[in-house]
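Summary of structural features
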Amino acid sequence: MKRNIVIAAVTAAALIGGGTATALAGTGDGEGTARQADAQLRQAGVQDDDAQDLDDTDGADDAQDDDAARVSGDVTAAEAIATALRHDPGTAVSVELDDQDDAGPVVWQVDVLGTGSTWHSVNVDPDTGKVLGSHTEREDDTAQVRTALKGAKVTASQAAEAAAGKGTVTSVDLDEDGASKAWEVETHKSGKAEQDWNVDLKTGKVTADRSDASDNDNDNDGDDNDV
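When its secondary structure is counted, the protein shows five helices and eight strands. Along its sequence from the N terminus, the protein presents helices and strands in the succession α-α-α-β-β-β-β-α-α-β-β-β-β. Split into buried and exposed, the 227 residues of the protein put 33% on the buried side. Counting contacts in the protein only where the partners sit at least 6 residues apart, residues at least 24 apart contribute 43% of the total. Working note: accessible area of the protein is about 13200 Å², and carbon and sulfur atoms make up 47% of it.

Have a look at this one:
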């Protein structure tokens, strides 16, 4: 009976481990052979854990591939801004590569401050550069934005172009609340974490955004201050 149990245990180890195992059905110590079978089962469990770890790594690679797909369009942030301004004239205050909460295709969403309290939100196709749609809103809190932009010499489009050397620009937004009074720009490089930069409103100087805890501190090009 012990012999049959040992053979069954070793066979199970072979199936779990994905390989083959040979059971010696001799007349030796059944308990010792059972211990060997248990060891093989434990080893098979370790191999399964290792395989799971590899699967997890594949998942991380897939996530990086998804990020790369988001920024694979031919239309840059600066080009999307130019298209939006031709459609709805004004001052571009932000542009973002937006997946619309997974409810639709990825688009460039450009926010344009028009006259008075008028805001235009324009969606631009990142592959063709065509306007996919737009809507207009009226908001009363535009004074802070206009104050932040007062005296600015660098536009959102120019900020995107200035930071393009750091990676593919995925968003530009006006820092109207912070003391830096800068354009906040986010860039992406394949296989790396997203990085955040500040572009000075007057000089166009690009510096790493130290206020973001997720910032990687440098762009691996030996210069994380200027383009």
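Residues Val-172 and Trp-183 are the most contacted members of the largest nonpolar core, which totals 36 residues. Residues within four places of Val-172 in sequence aside, it is in contact with Val-93, Ser-94, Val-95, Ala-156, Ala-159, Ala-160, Trp-183, Glu-184 and Val-185.

Attention now goes to the pairing of strand β2 (residues 107–113). β2 sits mainly inside the fold: five of its seven residues count as buried. In textbook terms, the turn of a hairpin is the stretch between consecutive antiparallel strands, and for β2 and strand β3 (residues 118–124) this stretch comprises four residues, one of which, Gly-116, has a positive phi near 60°.

Attention shifts here to a negative patch on the surface. Side chains of Asp-74, Glu-79, Asp-127 and Glu-161 sit close together on the surface and give a patch of like negative charge. By secondary structure assignment, the location of Asp-127 is in the loop between β3 and β4 (131–138). Classification of Asp-127 as exposed rests on a relative accessible area of 51%.

All told, the structure shown has zero aromatic pairs when counted by the stated rule. Positioned above the aromatic ring of Trp-197 is the side chain of Lys-166, whose terminal nitrogen or guanidinium carbon lies 4.9 Å from the ring centre.

Right, let's get into helix α5 (residues 156–163). Across the eight residues that make up α5, a large majority, six, are buried. For α5, the full list of buried residues reads Ala-156, Ser-157, Ala-159, Ala-160, Ala-162 and Ala-163. Contacts made by the buried residues of α5 are with α3 (77–87), β1 (91–98), β5 (168–174), β6 (182–188), β7 (195–200) and β8 (206–208).

Quick look at the confidence of the model for the protein now. In this model, the protein carries a mean pLDDT of 74, and residues with pLDDT of at least 70 account for 59%. Note that residues 1–31 has pLDDT below 50 and, in this model, 29 contacts with residues that lie over four places away or in other chains. In the model, residues 46–69 has pLDDT below 50 throughout and makes five contacts with residues more than four positions away in sequence or in other chains.

A few words on the pairing of β3. For β3, the tally of buried residues reaches seven of seven residues, placing the bulk of the element in the interior. In β3, alternate side chains face the same way, and those of Thr-118, His-120, Val-122 and Val-124 on one face and Trp-119, Ser-121 and Asn-123 on the other are all buried. For β2 and β3, the ladder comprises six bridges, and the chain directions are antiparallel. Bridge pairing in β3 places Leu-113 opposite Trp-119. In this structure, the hairpin formed by β3 and β4 is closed by a connection of six residues, where Gly-129 is found at a positive phi of approximately 80°.

With that out of the way, let us pick up the environment of Ala-77. In this fold, Ala-77 is placed in helix α3. Along the primary structure Ala-77 and Ala-159 are separated by 82 residues, whereas in three dimensions their C-alpha atoms are 9.8 Å apart. The contacts of Ala-77, once residues within four sequence positions are left out, are Val-95, Trp-108, Ala-160 and Val-169.

Here is what the cut-offs are and how they apply
Residues numbered from 1 in each chain as written. Predicted model: local features only at pLDDT ≥ 70, side-chain atom pairs only at ≥ 80, totals over all residues. Heavy atoms only, no water. Helix = DSSP H or I, 4+ residues; strand = E, 2+ residues; numbered from the N terminus. Buried < 20%, exposed > 50% of the residue type's maximum accessible area, 1.4 Å probe, protein only. Contact = heavy atoms within 4.5 Å. Areas by Shrake-Rupley, 256 points an atom, 1.4 Å probe, with all protein chains shown as cover. Core = buried A, V, L, I, M, F, W, Y, C linked by side-chain atoms within 4.5 Å. Pairing = 2+ DSSP bridges. Patch = residues over 30% accessible without salt bridge, like charges linked within 9 Å, V, L, I, M, F, W, Y side chains within 5 Å. Salt bridge = Lys/Arg side-chain N within 4 Å of Asp/Glu carboxyl O. Lys, Arg positive; Asp, Glu negative; His and termini not counted. Charge placed at Lys NZ, Arg CZ, Asp CG, Glu CD. Phe/Tyr/Trp six-rings, centres within 6.5 Å; stacked < 30°, edge-to-face > 60°. Lys NZ or Arg CZ within 6 Å of the ring centre and 35° of its normal. pLDDT = per-residue confidence, 0-100.

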